[in-house]
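Working through the structure, step by step
Here is how the chains run, residue by residue.
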Amino acid sequence: MKFSEIKKEEWPALKPYLDTCLLPVTGLVGSESPVEAAECLEKLRDVLDLIERPYRGRTVTYPAWHYVPDRDNLNTQLAASASKLREVGFRYVVVVAASDELGIGSAAGADLLITPGNSAEATRLIAELWR
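Residues numbered from 1 in each chain as written. Predicted model: local features only at pLDDT ≥ 70, side-chain atom pairs only at ≥ 80, totals over all residues. Heavy atoms only, no water.

Counting its secondary structure elements, the protein contains 4 helices and 5 strands. Along the protein, helices (α) and strands (β) appear in the sequence α-β-α-β-β-α-β-β-α when read from the amino end. Taken over the C-alpha trace, the protein has a radius of gyration of 14 Å; the compact-globule value for 131 residues is 14 Å, and the two agree within 12%. The contacts of the protein with a sequence gap of at least 6 include a subset with a gap of at least 24, amounting to 72%. Averaging the locations of the 15 positively and 19 negatively charged side chains of the protein gives two centres separated by 8 Å. (Helix = DSSP H or I, 4+ residues; strand = E, 2+ residues; numbered from the N terminus. Rg over C-alpha atoms; globule rule 2.2 N^0.38 Å. Contact = heavy atoms within 4.5 Å. Lys, Arg positive; Asp, Glu negative; His and termini not counted. Charge placed at Lys NZ, Arg CZ, Asp CG, Glu CD.)

As structure tokens, this is what we get:
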């Protein structure tokens, strides 16, 4: 479910069921051509599709971080966002990245990182997370 599909009055009733936040990261730096930007967005879409569709009743997809010009601080920034997302009620935060090359690690504060490199295992990884 996309964040924009949830109405204010519905959130209290849905909150116990929608316990997992998907935080997409495109990782653009601003120097990409239109074709390169489109390819990156398509990769992110493809990875998200593997999670959003089968887990629609349990996940909320937040707005994507499209531009990440300061990759040196990306893990710190993601960790701060993950902490805030937990404060609003999400038990799990899953970072979904368009690339394996962004340098996102365990310091990002997410419970799980899904990238094109491990997307074939996304269903299994999320099931393990929820156990």
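In this model, helix α2 (residues 34-52) (19 residues) spans 26 Å end to end at C-alpha, consistent with the 27 Å of a helix rising 1.5 Å per residue. Residues of α2 that are buried include every one of Ala37, Cys40, Leu44, Val47, Leu48, Ile51 and Glu52, and no others. The arc enclosing the buried residues of α2, seen along the axis, measures out at 135 degrees, which places them on a common side. Structurally, α2 contributes buried residues whose contacts are with β1 (20-28), β2 (59-61), β4 (92-97), β5 (112-114) and α4 (122-130). (Expected span 1.5 Å × (residues − 1). Buried < 20%, exposed > 50% of the residue type's maximum accessible area, 1.4 Å probe, protein only. Arc of directions from axis to C-beta.)

A few words now on the packing of aromatic side chains. Taken as a whole and assessed by the stated rule, the structure comprises 4 aromatic pairs. Ring centres of Phe3 and Tyr62 lie 6.2 Å apart, and the angle between their planes is 40 degrees; this geometry places the pair in the tilted category. With a gap of 59 residues between them, Phe3 in the segment before α1 (11-14) and Tyr62 in the loop between β2 and β3 (65-67) connect regions that are remote in the sequence. The exposure class assigned to Phe3 is partly exposed, which follows from its relative accessible area of 40%. (Phe/Tyr/Trp six-rings, centres within 6.5 Å; stacked < 30°, edge-to-face > 60°.)

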